[in-house]
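# Fold and geometry: a report
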Amino acid sequence: MLKILNLTLQKAKGTSRMPLNSRTIILVFLWMLISSRYSNAVQSDIDCLRSIKQSLQDPQNLLTTWDFSNTTEGFICRFTGVECWHIDESKVLNIRLSDMGLKGRFPMGLKNCTALTGLDLSSNNLDGPLPNNMTDVVQFVTSLDLSFNSFSGEIPASISDCSFLNVLKLDHNQFTGQIPLNLSKLDRIKDFNVANNRLTGQVPNFPNVSADSYAGNLGLCGKPLTPCEGSKKKQSGVIIGAAIGGATFAVLIIGVGMMFFMHKVVRKKEEDPDENKWARSIKGTKTIKLSMFDNPVSKMRLSDLMKATNSFSKSNIIGSGRTGSLYKAIFEDGSSLMIKRLQDTQHSEKEFASEMATLGSVKHRNLVPLLGFCVTKQERLLVYKYMANGTLHDNLHLVTDEKKHMEWSMRLKVAVGAAKGFAWLHHNCNPRILHRNISSKCILLDHEFEPKISDFGLARLMNPVDTHLSTFVNGEFGDIGYVAPEYARTLVATPKGDVYSFGVVLLELVTGEKPTHVSKAPESFKGNLVEWMSILSAESKLHDAIDDSLVGKGVENEVFQVLKLACNCVLPDNHKERPTMFEVYQLLRAIGQHYHFSADDEIMMPTDVGDGDIELIVSRETRKY
């Protein structure tokens, strides 16, 4: 604005000898005019977010922080999923509402966020068509991610006028019709994906887009796919014509045989249109039988995994998070595995294989065993042992009344086992590993409800920018409600950050509440679980936080001990006062000693290494974890 004012003033000086007072009056007038316009723009951003909240259903109550009764400057910048150009100005830069269970149509109120550059609504339950006037709604966005929803109808051609787009992800929806060919005008596109829709016809000419970005659409053609006017169709017509018009029995037999063969090929392509292509992209691999899964980290053919997951169908998804989606794979012999399909990672195949070799060698009874992996182009797939009882999150926060609330002994067993696994990663594993993505979703439960930690080591792998330091970047790692507050000040992940996140999990186990929403709290309370515990602690009412299903069962003393430990883990002011993960494990083990949870009650002997030294070892370790 100042630059514009100065140029205007210089122009005025150049055209006439304007007195100083006149120039001052013009300067003030222009400043008032531009400031007024800017102020309205800020108000429009507030209206934008208010409209979004009103238009979307929020069954998990994750938008409770969107409180518009606040009038302080920049208050919307503290909303969940909202990033501002400056923390003290209500000017929205990015909106990231991925994996929040939101329902409804595409929010038209976005058009009032006039300076929005990034929009991520992926992995929700949004449906209906996209607006035809996308340019008016998200004109200046550089990244638009609407993947893993149920959007339908045709892809609007107006998206081609969003000329700043670098990333456009529309995969895993229900879009139909042809992809607008004029999308090829988006010459800045680096990441384009429309896989797993119902699209047909010719694809746009994107020079850097691979065939994987179109997978799962039965009727697409054109480079990099097969030509739209292929020779196979013509050959089929010739064969059918020869069969009909042929006079001999031999020709008839050949024609019938060819028709039968083509029918099988077409049917196979309908079931899995991209299987052969993806399988061919893996070079030098052999078909791995299930009997070999006990070997440390074996490469597998993608075709095997495609078949076992029904071409990575949405119906096979058993969990999702920031690192990717988790699928259940059922093989021909009836056995089951879990397949982790990672989000975008820019690691090369060689780097990825090296890191997988390291993670594959990390073995502990409370870690989910990594059995294999698969790499093809941009696809990165991990194969894990199947966990029959799902995630701790799903067992604690019941969607229906079909399951009973977890008994206290079961919750304590999970706490002890998970703490043991995290302590081993921090203190005994070589190289030492910071998880950096701890939540109740990353703790899986086997058939005996023994906790198994997943996603260990993936935070570093999923951040190609950060190759040497254990840092968070723009909140990329860590689910909402679990991230330690000090990371915003230092952008450095430490073992005590993992302790904080695990402390939130302990609070979930004791209270039965979600990290971002407290059902017991008064309606006027808009904070998270940790903030609610802080209020109850100050009022000496911590007992009020205990899950009602645990009250009157004779375990209140144990529950309260775990609750106090959890509060120490989530100390917000000085993270150095939090216990180490080894101390957390020892305390939990002592609380549940009389349950005899496991036969191997070995006492780990961590090396005498402080937090800073652990961070140094992780940062300088030549073998990536």
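Structure's up top.
In this report, the structure presented in the accompanying data block is examined. Remember, predicted model here, so these are calculated numbers, not experimental data.

## Let's talk about the state of the cysteines
In the structure shown here, the tally under the stated rule is three disulfides. Bridging Cys48 to Cys113, the disulfide has an S-S length of 2.1 Å. Between Cys48 and Cys113, the disulfide has an S-S torsion of -105° and is therefore left-handed. Placement of Cys48 in helix H2 (residues 20-55) and of Cys113 in the loop between strand E3 (103-104) and strand E4 (118-120) is noted, with a sequence separation of 65 residues between them. The class for Cys48 is buried, based on a relative accessible area of 0%. The class for Cys113 is buried, based on a relative accessible area of 4%. Each sulfur in the disulfide pair Cys221 and Cys228 lies 2.1 Å from the other. The chirality of the disulfide connecting Cys221 with Cys228 is right-handed, given an S-S dihedral of about 90°. Numbered by position along the chain, the disulfide-linked cysteines of the protein connect as 1-4, 2-3, 5-6.

## As for the side chain of Thr117
In this structure, Thr117 sits in the loop between E3 and E4. With a relative accessible area of 18%, Thr117 lands in the buried category. Excluding residues that lie within four positions of it along the chain, Thr117 makes contacts with Trp85, Leu93, Asn94, Phe140, Val141, Thr142 and Ser143.

## Considering the side chain of Glu508
With respect to the element layout, Glu508 can be found in helix H13 (residues 495-511). For Glu508, which is buried and forms no salt bridge, the nearest opposite charge comes from Lys514, at a distance of 8.4 Å. At a separation of 2.7 Å, a polar atom in the side chain of Glu508 contacts the side chain of His397. A distance of 3.1 Å separates polar atoms of two side chains, one belonging to Glu508 and the other to Ser440. Sequence-distant contacts of Glu508, that is, excluding residues within four places in its chain, are made with His393, Leu396, His397, Ser440, Tyr482, Glu513, Pro515 and Leu529.

## Section: H13
Here H13 spans 24 Å end to end across 17 residues, near enough to the 24 Å set by a 1.5 Å rise per residue. The buried count for H13 comes to 17 of 17 residues, which makes it a mostly enclosed element. Among the residues trailing H13, Gly512 stands out with phi positive, at a value near 75°.

## A few points about unusual backbone geometry
Omega for the bond connecting Lys223 with Pro224 falls within 30 degrees of zero, at 10°, which places this linkage in the cis form. Positioned with a positive phi, Asp99 is a non-glycine residue whose angle comes to about 55°. By relative accessible area, Asp99 is classed as partly exposed at 23%.

## Quick word on helix H15 (residues 556-569)
With 14 residues, H15 extends 20 Å from end C-alpha to end C-alpha; this agrees with the ideal 20 Å at 1.5 Å per step. Structurally, H15 contributes buried residues whose contacts are with helix H10 (408-428), H13, helix H14 (529-538) and helix H16 (581-591).

## With respect to the nonpolar core
Of all hydrophobic cores here, the largest spans 76 residues; its most connected members are Phe422, Phe502, Leu506, Trp532, Met533, Leu563 and Leu588. Looking at this core element by element, the count peaks at 11 residues for H10. Those residues in contact with Phe502 that lie beyond four places of it in its chain are Ala415, Ala418, Ala419, Phe422, Ile438, Met581, Val584 and Leu588. In this structure, Val82, Phe192, Val203 and Phe206 belong to the second largest nonpolar core, which totals 56 residues.

## Considering the sheet that holds E3
In a beta sheet, neighbouring strands pair by backbone hydrogen bonds and run either parallel or antiparallel. If you trace the six strands from one edge of the open sheet to the other, you get E3-E5-E7-E9-E11-E12, paired in parallel fashion. Only two strands of the sheet have a single neighbouring strand rather than two, namely E3 and strand E12 (219-221).

## Describing the sheet that holds E4
With respect to topology, six strands assemble into an open sheet ordered E1-E2-E4-E6-E8-E10, the strand pairing being mixed. Every interior strand has two partners, whereas the edge strands, strand E1 (82-86) and strand E10 (191-193), have only one. When strand polarity is set aside, the average angle formed by the axes of neighbouring strands in this sheet is 25°. One ladder, built from four bridges, connects E1 with strand E2 (residues 89-96); its direction is antiparallel. Following the sheet pairing, Glu83 is matched in E2 by Asn94.

## With respect to the environment of Val203
Tracing the sequence through the fold places Val203 in the loop between strand E11 (198-202) and E12. Along the backbone, Val203 and Lys223 are 20 residues apart, and their C-alpha atoms lie at a distance of 7.4 Å. Here Val203 is in contact with Ile179, Leu181, Tyr214, Leu220, Cys221, Gly222, Lys223 and Leu225, once residues within four sequence places are set aside.

## Focus on the packing of aromatic side chains
Centre distance and the angle of the planes are the two values used to describe a pair of aromatic rings. Taken as a whole and assessed by the stated rule, the structure comprises 10 aromatic pairs. Taken together, a centroid distance of 5.8 Å and an interplanar angle of 50° make the contact between Phe140 and Phe164 tilted. Taken as a pair, Phe140 in the loop between helix H3 (134-137) and strand E6 (143-145) and Phe164 in the loop between strand E7 (150-153) and strand E8 (167-169) lie far apart in primary sequence, 24 residues in all. Ring-pair connections join several aromatic residues into one group, and the members of that group are Trp66, Phe68, Phe75 and Phe79. Sitting above the plane of the Phe312 ring, Arg341 keeps its charged end 4.9 Å from the centroid.

## With respect to the pattern of salt bridges
Here the structure, examined in full by the defined rule, presents 13 salt bridges. With its nearest N and O atoms 3.4 Å apart, the salt bridge here joins Asp127 to Arg105. On the criterion of sequence distance, the pair formed by Asp127 in strand E5 (residues 125-128) and Arg105 in the loop between E3 and E4 is long-range, its members being 22 residues apart. Ionic pairing is found between Arg578 and Glu486, a salt bridge with its closest N-O pair at 2.8 Å. You can see Arg578 sitting in the loop between H15 and H16 and its partner Glu486 sitting in the loop between helix H11 (458-461) and helix H12 (487-490), a full 92 residues away along the chain.

## Let's talk about the pairing of strand E18 (residues 379-385)
Most of E18 is tucked away: six of the seven residues are buried. Across five bridges, strand E16 (residues 336-342) lies against E18 in antiparallel orientation. Bridge pairing in E18 links Lys340 to Leu382.

Here is what the cut-offs are and how they apply
Residues numbered from 1 in each chain as written. Predicted model: local features only at pLDDT ≥ 70, side-chain atom pairs only at ≥ 80, totals over all residues. Heavy atoms only, no water. Disulfide = S-S within 2.5 Å. Helix = DSSP H or I, 4+ residues; strand = E, 2+ residues; numbered from the N terminus. Buried < 20%, exposed > 50% of the residue type's maximum accessible area, 1.4 Å probe, protein only. Contact = heavy atoms within 4.5 Å. Lys, Arg positive; Asp, Glu negative; His and termini not counted. Salt bridge = Lys/Arg side-chain N within 4 Å of Asp/Glu carboxyl O. Polar contact = N/O pair within 3.5 Å; in protein donor to acceptor, adjacent residues only side chain to side chain. Expected span 1.5 Å × (residues − 1). Core = buried A, V, L, I, M, F, W, Y, C linked by side-chain atoms within 4.5 Å. Pairing = 2+ DSSP bridges. Axes fitted to C-alpha atoms, helices over the stretch in contact; angles between N-to-C directions. Phe/Tyr/Trp six-rings, centres within 6.5 Å; stacked < 30°, edge-to-face > 60°. Lys NZ or Arg CZ within 6 Å of the ring centre and 35° of its normal.

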